[in-house]
Amino acid sequence: MVRARIPNDMNTPVTLQSIYQRLYDYYGPQHWWPGDSPFEVMVGAVLTQNTAWTNVEKAIANLQEHAALDPAAIMAASGDDLADWLRPSGYFNVKASRLQHLCRWYLEAGGYAALARMDTVALRQALLCVHGVGPETADDILLYAFERPVFVIDAYTRRLFARLGLFEGSEPYEGMRSRVEGSLGADVGLFNEFHALIVRHAKEVCRVRPLCAGCELSACCPGCDSDLAD
DNA sequence: ACCCAGGGTCATA
DNA sequence: TATGACCATGGG
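Since the structure is predicted, the reported quantities are computational estimates derived from the model, not experimental observations.

Parameters at a glance
Residues numbered from 1 in each chain as written. Chains lettered and ligands numbered in written order. Predicted model: local features only at pLDDT ≥ 70, side-chain atom pairs only at ≥ 80, totals over all residues. Heavy atoms only, no water. Helix = DSSP H or I, 4+ residues; strand = E, 2+ residues; numbered from the N terminus. Buried < 20%, exposed > 50% of the residue type's maximum accessible area, 1.4 Å probe, protein only. Contact = heavy atoms within 4.5 Å. Domains from an automatic or database assignment. Buried area = accessible area lost by both parts, 1.4 Å probe. Salt bridge = Lys/Arg side-chain N within 4 Å of Asp/Glu carboxyl O. Polar contact = N/O pair within 3.5 Å; in protein donor to acceptor, adjacent residues only side chain to side chain. Axes fitted to C-alpha atoms, helices over the stretch in contact; angles between N-to-C directions. Parallel < 35°, antiparallel > 145°, perpendicular 65-115°, else oblique. Left-handed = near helix turned anticlockwise from the far one by under 90°. Nonpolar A, V, L, I, M, F, W, Y, C, P; charged D, E, K, R; others polar. Near = heavy atom within 4 Å.

Draft legend 1. Structural view of the overall build of chain A. A count of helices and strands for chain A gives 13 helices and zero strands. The linear arrangement of helices and strands in chain A, starting from the amino end, is α-α-α-α-α-α-α-α-α-α-α-α-α. In chain A, which comprises 230 residues, the proportion classed as buried is 46%. Long-range pairs, those at least 24 residues apart, make up 62% of the contacts in chain A with a sequence separation of at least 6.

Draft legend 2. A look at the domain arrangement of chain A. Taken domain by domain, chain A comprises domain 1 (16-30 + 152-220) and domain 2 (38-145). Put simply, the middle of domain 1 and the middle of domain 2, counted by C-alpha atoms, are 25 Å apart. The contact between domain 1 and domain 2 buries some 790 Å² in all, and 57% of this surface belongs to carbon and sulfur atoms. The largest contributions to the domain 1 side of the interface with domain 2 come from Val 152, Tyr 173 and Asn 192, which together make up 49% of the buried area. Linking domain 1 with domain 2 are two salt bridges. Where Arg 124 meets Glu 174, a salt bridge forms, and the shortest distance between an N and an O atom there is 2.8 Å. At the junction of domain 1 and domain 2, the tally comes to three residue pairs in polar contact (both at pLDDT 80 or more). For the side of domain 1 that touches domain 2, the secondary structure elements donating two or more residues are helix 11 (173-184) and helix 12 (188-205).

Draft legend 3. Quick peek at unusual backbone geometry. Each neighbour pair has its own omega, and for Trp 32 with Trp 33 the value is 0°, a cis peptide bond. Inspection of the secondary structure assignment puts Trp 33 in the loop between helix 1 (16-27) and helix 2 (38-47). The backbone of His 31 shows a phi angle near 55°, a positive value even though the residue is not glycine. Within the secondary structure, His 31 sits in the loop between helix 1 and helix 2. Residue classification places His 31 among the exposed positions, given a relative accessible area of 64%.

Draft legend 4. Structural context of the packing of helix 2 against helix 3 (residues 53-65). Closest axis-to-axis distance for the helix 2/helix 3 pair is 10 Å, and the angle between their directions is 130°. Classed by the angle they form, the pair helix 2 and helix 3 counts as oblique. Helix 3 is crossed by helix 2, and the crossing has right-handed handedness. Listed contacts from helix 3 to Glu 40, Val 43, Gly 44 and Leu 47 of helix 2 are Trp 53, Val 56, Ala 59, Ile 60, Leu 63 and Gln 64. Grouping the amino acids of the contact of helix 2 with helix 3 by side-chain chemistry returns seven nonpolar, two polar and one charged.

Draft legend 5. Just the protein's contact with DNA strand B, in detail. Taken together, 21 residues sit near DNA strand B, with Trp 33, Asn 50, Gly 134, Thr 137 and Tyr 156 positioned nearest. Restricting the count to atoms of DNA strand B within 4 Å of the protein gives a sugar and phosphate share of 63%. Within the backbone of Asn 50, an N or O atom sits 2.9 Å from a phosphate oxygen of DNA strand B. The contact in question runs from a phosphate oxygen of DNA strand B to an N or O atom on the side chain of Tyr 156, over 2.4 Å. Going through the elements one at a time, helix 9 (135-144) and helix 12 are the ones with two or more residues in the surface near DNA strand B. Broken down by element, the surface near DNA strand B gets its largest block of residues, three residues, from helix 9. Residue composition of the surface near DNA strand B, by class: 10 nonpolar, eight polar and three charged.

Draft legend 6. Seen up close, the environment of Phe 191. As for its placement among the helices and strands, Phe 191 is situated in helix 12. Residue class for Phe 191 comes out buried when judged on its relative accessible area of 1%. Distance in space between the C-alpha atoms of Phe 191 and Glu 181 is 8.7 Å, their sequence separation being 10 residues. The residues contacting Phe 191, other than those within four sequence positions of it, are Leu 143, Tyr 144, Pro 149, Val 150, Phe 151, Glu 181, Leu 184, Gly 185 and Ala 186.

Structure (structure tokens):
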């Protein structure tokens, strides 16, 4: 089916900056990432792969109960125990393996302080070499655990930017990321809020009942399909 | 009962 | 390069 582009108010062109401004004005700061430490952010980034955050919170709570929200403790745990603690977040066998791969890398690299001394490009390459860490998980970690100016491209971001006509939507990850970063300019605070706002807008609002007319970002979410004339 | 969720790996063409 | 199968729980 052919999607009609919903015109924004006036004829002002939609830009990345204008999208951010509208989201921020409407929702305000989101205070991401919800984690108490950089390491907890890293764990959360793996556990939330294709998984609702509410389920991730339960798994993280299980880790805390077993004093296992710690890289050495995760390495010391048996795969079966770890998988059992991760059960609520789904894919528990896969994620148990991925967490141990991440922790082995983290410890062998010398921990957070050592990793924080690496430049962003090298750190990103290193993360992508960890089994179970793909581009989006790596960028979550870079932005929210290491505070590097890296823009996270997730499914929501693709859908929003595509529906607003800024991207085709099926571009390769790297191409889309570099275009966005080049357009916005390296800004950790901006990238942090923007990604969080996109997720907030995609789930909490549109799903309950579209406020899309109110927030002036029509056609940006699944619930907005009915607003689209074909 | 069905759909989706803050993806990634691996096999195949 | 680009699909498809697979991983698995929990909420709407």
